[in-house]
Amino acid sequence: MNLGRSIRINKCGVVILGLLFMCVLYYLWNSNASNSASYAFSKNPNEINLRKLLIGSIQAAQHGGFEVVAVSKSRDLHEQSKGKTKEGANNPVTDADYRSNCVMKNGLLRIFPKLKVISEEDDGKEQCVDVQLFDLDPTVLPESITVPDERVNIDDVDVWIDPLDATQEFTERLHEYVTTMVCVAVKGVPTIGIIHNPFTMKTTWAWRDRALSESLANLKHDGDVKHPTIIVSRSHAGAVKEQSKQIFGENAQVITAGGAGFKVLQVIQNNATAYLHTTHIKKWDICAGDAILGAIGGRMSDLHNENIAYHRDTPALNPNGLLAAALSATHEAYIKRIVESKHFTQ
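Basis of the calculations
Residues numbered from 1 in each chain as written. Predicted model: local features only at pLDDT ≥ 70, side-chain atom pairs only at ≥ 80, totals over all residues. Heavy atoms only, no water. UniProt positions renumbered as here; feature names shortened; annotations may be inferred. Helix = DSSP H or I, 4+ residues; strand = E, 2+ residues; numbered from the N terminus. Buried < 20%, exposed > 50% of the residue type's maximum accessible area, 1.4 Å probe, protein only. Contact = heavy atoms within 4.5 Å. pLDDT = per-residue confidence, 0-100. Pairing = 2+ DSSP bridges. Axes fitted to C-alpha atoms, helices over the stretch in contact; angles between N-to-C directions. Salt bridge = Lys/Arg side-chain N within 4 Å of Asp/Glu carboxyl O. Disulfide = S-S within 2.5 Å. Phe/Tyr/Trp six-rings, centres within 6.5 Å; stacked < 30°, edge-to-face > 60°.

Asker: When you look at the UniProt feature "binding site: Mg(2+)" (unreviewed entry) in the protein in this model, what are you seeing that I'm missing?
Answerer: The residues that UniProt annotates with the feature "binding site: Mg(2+)" (unreviewed entry) are Glu-120, Asp-162, Leu-164, Asp-165 and Asp-285. With the annotated positions falling across 166 residues, the maximum pairwise C-alpha distance of 9.6 Å places them together in a single cluster. Relative to the elements of secondary structure, Glu-120 occurs in the loop between strand 4 (116-119) and strand 5 (151-153). For Leu-164, the location among the structural elements is in strand 6 (residues 157-165). The exposure class of Leu-164 is buried, given its relative accessible area of 1%. Once residues lying within four places of it in the same chain are set aside, the contact partners of Leu-164 are Val-68, Thr-94, Ala-96, Asp-97, Glu-120, Phe-170, Val-178 and Thr-179.

See the structure below:
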């Protein structure tokens, strides 16, 4: 036996072992895909899975809410003013707006890098330094709710987020009015809507023609339009109250509240028959509510009875007010009175 003979290496075996090793790495990488952007997209990089976007949007609203609550516990909200609204009211912004925006927008973009996200607050990036983002967690959807997989072209999807609706009320510690909202528009149509109250931890969501949150599943709405209860903004209640009496009759009850998200929820929960806003309003304030109302058989339109478009190429400002009702028949009856009254014709 020649001990000096060199050991021969089987090149074919080395190649096979190398391939096996690569396969193992590939499997481990893909088993972890739920925490990466690859989990959010289908094999076609130009498509996005709406079920996974629904999950991410719910998480965005909830995690933004965590930041809102955390800031609310601090002594100084670092309140600033962005100027005056058309009604002459102060338009404030706080650390809570900025930190919630950091979580919501950056969290979604980390999972869905190609997503078009339109937010109310894109300043204040210095508040993003120590913000904790989130990974996609399918358990936010209850097992009792069946949500289909559906893929659409990523370029057809626009996401509108409001990181803190009712900032004025937030500064006044009127936390019941405060919400965080996400809306997914597909080809300009509000399709998925999420409204989350950070202080009650209640999340209301809907995917038009596909699925509803448990809080919406068994709601029934009265079709009686003879006894209007109209919910309006606190910032211009006086003018709208008088206009509502002229349009809907002296028996019309007018209630006031802060936050567009909160007002839509009052309509959904049968505490108001309609939500009326008579001046301009930004689309991140109303898109989520528009989507949810459309999913339960209601409708939101501007005061000329036109649907509101939420495509990225449209202005962020809706200049013609809105009427929202939980039943399309109620909306139809009320908008007819508004159009005939010519109160809001421009």
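Still to come is the rest of the account.
Asker: What is the right way to look at the confidence of the model for the protein in this model?
Answerer: Note that predicted coordinates carrying low pLDDT should not be read in detail. On average, residues of the protein score 86 in pLDDT, and 81% of them are at 70 or above. Here residues 1-7 is modelled with pLDDT under 50, and outside its nearest four sequence neighbours on either side it reaches 0 contacts, counting other chains as well. For residues 28-39, every residue scores under 50 in pLDDT, and the model assigns this stretch 12 contacts once sequence neighbours within four places are set aside.

Asker: I keep staring at the sheet that holds strand 12 (residues 253-257) and nothing clicks. Help me out?
Answerer: Working definition: the strands of a sheet are paired by backbone hydrogen bonds and lie parallel or antiparallel to each other. Taken together, 5 strands build an open sheet; the order of strands is 12-11-13-17-15 and the sheet is mixed. Every interior strand has two partners, whereas the edge strands, strand 12 and strand 15 (299-301), have only one. Sheet twist, expressed as the average angle between the axes of neighbouring strands with direction ignored, equals 20 degrees. Sheet topology places strand 11 (residues 229-233) next to strand 13 (residues 274-277); 2 bridges connect them, and they run parallel.

Asker: Is there a simple way to explain the pattern of salt bridges in this structure?
Answerer: Between side chains of opposite charge, a pair can form as their charged atoms come close. The full count for this structure, using the stated rule, is 8 salt bridges. Linking Arg-110 and Asp-135 is a salt bridge whose minimum nitrogen-to-oxygen distance equals 2.9 Å. In this pair, Arg-110 sits in helix 4 (residues 95-111) while Asp-135 sits in the loop between strand 4 and strand 5, placing the two residues 25 residues apart along the sequence. Asp-135 gets classed as partly exposed once you look at its relative accessible area, which sits at 34%. Arg-234 serves as the salt-bridge partner of Glu-169, at 2.7 Å between the closest nitrogen and oxygen. Taken together, the residues Glu-169 in helix 5 (residues 167-171) and Arg-234 in the loop between strand 11 and helix 7 (237-248) connect sequence positions 65 residues apart.

Asker: How should I be thinking about the pairing of strand 6 in this particular structure?
Answerer: For strand 6, a buried count of 9 out of 9 residues is recorded, marking the element as mostly surrounded by other parts of the structure. Across 4 bridges, strand 4 lies against strand 6 in parallel orientation. Note that in strand 6 the partner of Ile-118 across the bridge is Trp-160. The pairing of strand 6 with strand 7 (residues 179-186) spans 7 bridges and is classified as antiparallel. Bridging across to strand 7, Asp-158 finds its partner in Ala-185.

Asker: Quick question: what am I supposed to make of the state of the cysteines here?
Answerer: Disulfide: a covalent bond connecting the sulfur atoms of a pair of cysteines. Applying the stated criterion to the full structure yields 1 disulfide. Note that Cys-183 is cross-linked by a disulfide to Cys-287, the S-S spacing being 2.1 Å. Around the S-S axis, the bridge from Cys-183 to Cys-287 shows a dihedral of about -45 degrees and counts as left-handed. Of this pair, Cys-183 sits in strand 7 while Cys-287 sits in helix 9 (residues 283-295), and the two are 104 residues apart along the sequence.

Asker: I would appreciate a short explanation of the packing of aromatic side chains in the present structure.
Answerer: Each aromatic ring pair is characterised by the separation of its centres together with the angle its planes make. As enumerated under the stated definition, the model contains 4 aromatic pairs in all. Ring plane angle 85 degrees and centroid distance 4.8 Å describe the contact between Tyr-177 and Phe-262, whose orientation is recorded as edge-to-face. In this pair, Tyr-177 is assigned in the loop between helix 5 and strand 7 and Phe-262 in helix 8 (residues 260-268), connecting sequence segments 85 residues apart. Classification of Tyr-177 by relative accessible area gives buried; the value is 13%. Overall, Phe-262 belongs to the buried group, its relative accessible area being 16%.

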